[in-house]
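Descriptive structure summary
Okay, here's what each chain looks like letter by letter:
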Amino acid sequence: MSATNQTGAAGAAGNQGGAGVAPSAEAHGAEAHGAKAHGAQSKTGAAKSGAPKAAGMPPVKKKFGALTVIFGIISIAYIYPILLVAINSFKKKAYISKYPFRLPDEKTFVGLDNYIGGIEKTNMIESFGWTLFITIGSVAVIILCTSMCAWYINRVKNAVTKTFYTLCLFSMIVPFQMVMFTLSKIANVLRLNNPWGIIIVYLGFGAGLSVFMFAGFVKSIPLEIEEAAMIDGCTPIQTFFQVVMPIMKPTMITVSILQTMWIWNDYLLPYLVLDLKKYKTVSISVQYLKGGYGSVDMGAMMGCLVLAIIPIIVFYLFCQKYIIEGVVAGAVKG
Amino acid sequence: MDKAIKRYFPVFMLPTLLAFVIGFIAPFILGVYLSFCKFTTINDATFVGLSNFAKIFEDATFGHALWFTALFTVVTVALINVLAFAVAMALTRKIQGANLYRTVFFMPNLIGGIVLGYIWQLLLNGILAHFERTLTYSSVYGFWGLVILLLWQQIGYMMVIYIAGIQNVPGELMEAAKIDGATSAQCLRHVTIPMIMPSVTICTFLTLTNGFKMFDQNLALTNGAPSDMSEMLALNIFNTFYSRSGYEGVGQAKAVVFFLLVAAIALIQTKITSSKEVQQ
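Residues numbered from 1 in each chain as written. Chains lettered and ligands numbered in written order. Predicted model: local features only at pLDDT ≥ 70, side-chain atom pairs only at ≥ 80, totals over all residues.

Digging into the overall build of chain B
- Looking only at helices and strands, chain B features 14 helices and two strands.
- Put simply, chain B has 280 residues, and 46% of those count as buried.
- Sequence separation of 24 or more characterises 74% of the internal contacts of chain B that already satisfy a separation of 6 or more. (Helix = DSSP H or I, 4+ residues; strand = E, 2+ residues; numbered from the N terminus. Buried ≥ 20, exposed ≤ 12 C-beta atoms within 10 Å, placed from the backbone. Contact = placed C-beta atoms within 7 Å.)

What about the interface of chain B and chain A?
- Tallying the contact residues gives 84 residues for chain B and 85 residues for chain A.
- Among the elements that line the side of chain B that touches chain A, the one with the most residues is helix α3 (residues 14-34) of chain B, at 15 residues.
- Broken down by class, the residue content of the side of chain B that touches chain A amounts to 59 nonpolar, 17 polar and eight charged. (Nonpolar A, V, L, I, M, F, W, Y, C, P; charged D, E, K, R; others polar.)

What about the packing of helix α7 (residues 124-155) of chain A against helix α13 (residues 249-265) of chain A?
All names here are of chain A.
- One can describe the packing of α7 onto α13 by two numbers: an axis separation of 9 Å at closest approach and a directional angle of 145°. Crossing geometry of α7 relative to α13 is assigned as right-handed. In contact with Thr131, Ile134, Thr135, Ser138, Val139, Ile142, Ile143 and Ser147 of α7, α13 contributes Met252, Val255, Ser256, Gln259, Thr260, Ile263 and Trp264. (Axes fitted to C-alpha atoms, helices over the stretch in contact; angles between N-to-C directions. Left-handed = near helix turned anticlockwise from the far one by under 90°.)

Quick word on the nonpolar core
- Ranked by internal contacts, the top residues of the largest apolar core, which has 165 residues, are A:Leu305, B:Ala84, B:Val115, B:Ile119, B:Met159, B:Val160 and B:Tyr162.
- Looking at this core element by element, the count peaks at 17 residues for helix α16 (residues 298-333) of chain A.
- In this structure, B:Ile119 is in contact with A:Pro81, A:Ile82, A:Val85 and A:Leu305, ignoring residues within four places of it in sequence. (Core = buried A, V, L, I, M, F, W, Y, C linked by C-beta atoms within 7 Å.)

A closer look at the domain arrangement of chain A
Residue and element names in this part refer to chain A.
- Partitioning chain A into structural domains gives domain 1 (73-111) and domain 2 (122-333).
- Across the contact, nine residues belong to domain 1 and eight residues belong to domain 2.
- For the side of domain 1 that touches domain 2, the elements supplying multiple residues, two or more each, are α4 (66-88) and α5 (93-98).
- Sorting elements by how many residues they give to the side of domain 1 that touches domain 2 places α4 first, with four residues.
- Of the residues that constitute the side of domain 1 that touches domain 2, the class distribution is four nonpolar, three polar and two charged. (Domains from an automatic or database assignment.)

Some words on helix α6 (residues 98-106) of chain B
- Buried within α6(B) we find B:Ala98, B:Tyr101, B:Arg102, B:Phe105 and B:Phe106. Projected down its long axis, α6(B) carries its buried residues within an arc of 125°, all on one side. (Arc of directions from axis to C-beta.)

Some details on the confidence of the model for chain B
- Scored by pLDDT, chain B comes out at a mean of 90, with 98% of its residues at no less than 70.
- For this predicted complex, the interface score ipTM comes out at 0.91, alongside a pTM of 0.85. (pLDDT = per-residue confidence, 0-100.)

Digging into α3(B)
- Remark: the principal bend of α3(B), roughly 45°, maps to B:Val21.
- Contact partners of the buried residues in α3(B): α7, α8 (159-171), α9 (176-189) and α10 (197-218) of chain A together with β1 (37-38) and α14 (248-274) of chain B. (Bend = angle between axes of the 7 residues up to and from the residue.)

Observations concerning unusual backbone geometry
- In this chain, B:Ala225 is followed by B:Pro226 through a cis amide linkage whose omega measures -5°.
- Within the secondary structure, B:Pro226 sits in the loop between α12 (216-221) and α13 (233-242).
- The backbone of A:Arg191 sits at a positive phi, close to 55°, despite the residue not being glycine.
- Checked against the element boundaries, A:Arg191 lands in the loop between α9 and α10.

Some details on the environment of A:Tyr165
Residues and elements named next belong to chain A.
- Along the polypeptide, Tyr165 turns up in helix α8.
- Judged by local crowding, Tyr165 falls into the partly exposed class, with 19 C-beta atoms found within 10 Å.
- Each C-alpha atom, one on Tyr165 and one on Asn154, is 9.4 Å from the other, the two residues being 11 residues apart in sequence.
- In contact with Tyr165, not counting residues within four places along its chain, are Ile153 and Ala215.

See the structure below:
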């Protein structure tokens, strides 16, 4: 186990120079260290989502057969719900619930009216901006603070750091409902009910998982590297930012992906914490369209759903390699 | 070296520690305390002992939500894991377009629960309209609607974890089994499945807790209709807090029970499946 760890960390460390060029290789290093025991090689193969090829097997030509056809059909069925919403977003609202499966025709086609209506009703552009701000801000703060914290608690072992680490593990199994009422009241009292303050709430509630993942990685970093830096006259702060942080990059990617997926889509926490008269997130805006007891404006709803989905899909198509690797790496450690 | 680092406590540890106290420790301790109190805000709490917990048992909606959630969790854990594993097995063969399919199956995970709920509401209500029903006609429709939604969302996620597990099975082991004359069913049963037990542990854990804690999808798809019959535990707790005045204490007590259930499930499950893991 320890041998594998060393390889993983050293491999990642070796990549420092070409960090921008070969982040995937570093991710593999992180993976390897998280793997139970068997060689780092096969784990590396697994992380390479591009090529589903078991390590050690001769390359086999891909077959075009019954399975391809079956999965082709299933894939289309899989995207269908999203397509259905997209199609309906161009129809007059009265026809959406009544005939959801009909394509828009001259009578029912309304162009972009639903989008315009949806944006006006929900202030979707503004919600989108706040969601983006909260997500990027929170993830950046979580990454910075928890990686520093994880390094510290690994290097300084005393009652405080040990208790803190145990509490972090504990917090991972506590469901949000347990703290939702008290957390929203505390956030209110401390004036954290705005997009800046909620970053602190996310740091607090999300610290458990991040500290756990970073701490797992820090254990595999050989002490000698840091000691050498310290002997050369680095302060702990310089050591962390110039030596430790670059090594941690693969874990940082994993943690930021997991946290982004959570925070971007989160509904209940911002709903309870934020001052909703001033700030809404995308999920909250969509839920607000449903409103109280009146009928829902299905046209605006369809428009908003499409607007909420498009950025995610674009982001996913660009970063899917990192996202899928991040999920796997996160699962292996979690 | 430790001493040199130690002095930097305010820089390295304090920010996270403070946020953790605000975002977790304080709300948690206060939450446990308030479950023994009657209150409408934190300031007017008066201690009432165990009466909140007693009231949970008089509340029929909680029992129903617990039953509904338990059944839902069992059904989704079984279906998601079996289907995700089957898809992973198929996609690790050399079939054309495997990467494209993986991309498609994983996609719904990135869409939030609220948005997913409304997407499926349109589709399922459209289908049910042919039979002159809606999702909120009876909790049976709500139940299966939620099952389909969660399957759609999570199969891709678990599939990705299973694929990594399957690709991690050493090729030599498979070849050795085949040379010894094992059929592919035997290879699956005696080589692949024991070797991917870590993935099984992770996926069961994730599906169990995700199913049990589900909130957003429930709120968007049925919101508990008809008359709270499709209400799951998390939504039940939320409604007890924010839709019934005077029941905040009971809501907090329910939350404590909910936490204990989630913790118990997580611990027991991890014990059981990790005991089945084999050394590679």
